[in-house]
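Overview (structure and organization)
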Amino acid sequence: MSLHLFDTATRQLRPFEPLEAGRVGMYICGLTTQGSPHIGHVRFAVAFDVLRRWLERGHGYDVTLIRNVTDIDDKILTKAAEAGRPWWAWSYENERATTRALELLGVLPPTYEPRATGHITEQLELVRALVERGHAYAAEDGSGDVYFDVRSWPDYGSLTRQKLEDMEPAEDADPRGKRDPRDFALWKGHKDGEPETASWPAPYGRGRPGWHLECSAMARKYLGDAFDIHGGGVDLRFPHHENEQAQSRAAGLDFARYWLHNAWVTVKGAKMGKSLGNALAVTELTKTVRPLVLRHYLGAAHYRSTIEYGDDSLTEALAAVERIEGYVVRAREVLGEAAEDLLEASRALPADEAFPTDFRAALDDDLNVPEALAVVFGTVRDGNRALDAGAGTGTQALRHTLLQLLAMLDVLGTNPLDPSWGGGSREDDRGMEVLAALVQDRLDARAEARAEKDFATADAIRDHLTTLGVVIEDTPAGARWSLR
């Protein structure tokens, strides 16, 4: 089966065929830098990071990923004013916080990350093209606003399959200068009370770009008039993505060929958001939860399925990660290879050797991560059974199985040996060797005490190790340990 993706525009699972053989252009709507990101904000980045990794590793595509920064917006101006800060300083502070959050979660950096304020020229070029084609007009009230004329574009509403008469009025500008209340702002004239620095000169008067215009201009700048994939959260389908598509195609651009949207993270059935008082900041969560565990949690569900956050959610994710890590540690001990060497070897495997058939089939089926994880945990289960039985110990088969597991985890972004999680350096390897020797010494003493039926001493050794965070599991092949 070739790669198939669910295209929101057609409501169909479509075979993926890039515009240019061997290359993929992908645009993802990044965050508006009005505040620090919570896990609901960053789910999109994790979901499309898996897609990007699978396109590159599983299919060998050269992916150009553009993820923008909306660094000028009504909300940014409002939040900055409330905080008594310059809007540009407020925006940059939250941009850096977003970057840190995504790095914590192991999200690969985009090919380029353009800022809206760095592309005013390109945005004004797009406005001019729309005005000349009769699809946009300057407001006659002297406000300096410029609007997209939705009635001039018969295809408006096609992305979300809505009829114009059923749509609510646009809320992104003062309606007084509009010909139709559903017309949306391309350019917003400078208003009294707004910072002068939040405006740029334009033929229509000083002002700033509308949100929808920013993404169309930046996507075109770096991916061309037509590109392969446009992604973002499901809440962006309307009006943002609908408006992006309308203004781009009305300007004569082909724009995106596939639209992909990820679902929300909810709390008690409600979309996660600061207005609900249930926001969970990434930087706060990772003070008590390992980033690898949080990454697994956000990436384990199908990207189009809602994630319901609850008290036990991260506990379950921790258990899953520890199952994987436990096997990796055991297999490494038998093989006696450094993390860096195994990581390099797994990444050097050709795709047809790296990924089991069922794993490939799962991700080719609209990025079905739950099914792919079933293959991962099946590999872990079978590997532990083989190690418990002493079968295949030190053989090439054990090594190949471990390399396949690491390759699968690499695509999912949860490889415990990846240096981004602090588990891949030779310094860490040496530390683990010392720890392993110390723990084994205590386990040998415990085994000796049990052989002599000195169960009080044996239990005391186990209890002491437990208080240090060392989990002991007795198996037919002997005691094995892991870190809690």
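Above this text sits the structure in question.
Scope of this entry: the structure provided in the associated data block. (Residues numbered from 1 in each chain as written. Predicted model: local features only at pLDDT ≥ 70, side-chain atom pairs only at ≥ 80, totals over all residues. Heavy atoms only, no water.)

1. Section: the environment of Gln-12
- Counting through the fold element by element, Gln-12 comes out in strand 2 (residues 12–15).
- Once you skip the residues sitting within four places of it in the chain, Gln-12 turns out to touch Leu-5, Phe-6 and Asp-7. (Helix = DSSP H or I, 4+ residues; strand = E, 2+ residues; numbered from the N terminus. Contact = heavy atoms within 4.5 Å.)

2. Side note on the packing of helix 1 (residues 39–58) against helix 8 (residues 291–299)
- Where helix 1 meets helix 8, the axes come as close as 9 Å, and the angle between the chain directions of the two elements is 80°. With respect to helix 8, the element helix 1 is oriented roughly perpendicular. Where helix 1 abuts helix 8, its residues Ile-39, Val-42, Arg-43, Val-46, Asp-49, Val-50 and Arg-53 lie against Leu-294, Arg-295, Tyr-297, Leu-298 and Gly-299.
- Classifying every residue of the contact of helix 1 with helix 8 gives seven nonpolar, one polar and four charged. (Axes fitted to C-alpha atoms, helices over the stretch in contact; angles between N-to-C directions. Parallel < 35°, antiparallel > 145°, perpendicular 65-115°, else oblique. Nonpolar A, V, L, I, M, F, W, Y, C, P; charged D, E, K, R; others polar.)

3. Section: the sheet that holds strand 12 (residues 270–271)
- One open sheet accounts for three strands, arranged 12-11-13; its pairing is mixed. Across the chains shown, the open sheet's two edge strands, defined by having one partner strand only, are strand 12 and strand 13 (307–309).
- Direction of pairing for strand 11 (residues 265–267) relative to strand 12: antiparallel, over a ladder of two bridges. Within the sheet, the bridge partner assigned to Thr-266 lies in strand 12 and is Lys-271. (Pairing = 2+ DSSP bridges.)

4. Observations concerning unusual backbone geometry
- In the segment running from Phe-238 into Pro-239, the intervening peptide bond is cis, with an omega of 5°.
- Phi is positive for Arg-11, close to 60°, though the residue is something other than glycine.
- Here Arg-11 is to be found in the loop between strand 1 (4–7) and strand 2.
- Arg-11 gets classed as partly exposed once you look at its relative accessible area, which sits at 30%.
- For Phe-255, which is not glycine, the phi dihedral falls at a positive 65°.
- Since its relative accessible area comes to 2%, Phe-255 is described here as buried. (Buried < 20%, exposed > 50% of the residue type's maximum accessible area, 1.4 Å probe, protein only.)

5. Quick notes on the nonpolar core
- Grouped together as the largest cluster of nonpolar side chains are 83 residues, with contacts concentrated most on Ile-39, Leu-55, Ile-229 and Phe-359.
- In terms of residue count, the dominant contributor to this core is helix 1 (11 residues).
- For Ile-39, the residues in contact, after removing those within four places along its chain, are Val-265, Met-272, Leu-280, Val-282, Leu-285, Leu-294, Tyr-297, Leu-298 and Tyr-309.
- Core analysis: the next-biggest nonpolar cluster, separate from the first, contains 44 residues, Ile-72, Leu-124, Phe-148 and Ala-250 among them. (Core = buried A, V, L, I, M, F, W, Y, C linked by side-chain atoms within 4.5 Å.)

6. Looking at the pairing of strand 4 (residues 62–67)
- Two strands pair when backbone bridges link them, and strand 3 (residues 23–28) and strand 4 are joined in this way by six bridges, in the parallel orientation. Bridging across to strand 4, Met-26 finds its partner in Leu-65.
- The parallel pair strand 3 and strand 4, bridged by helix 1, forms a crossover whose chirality is right-handed. (Right-handed = clockwise from strand over helix to strand, strands pointing away.)

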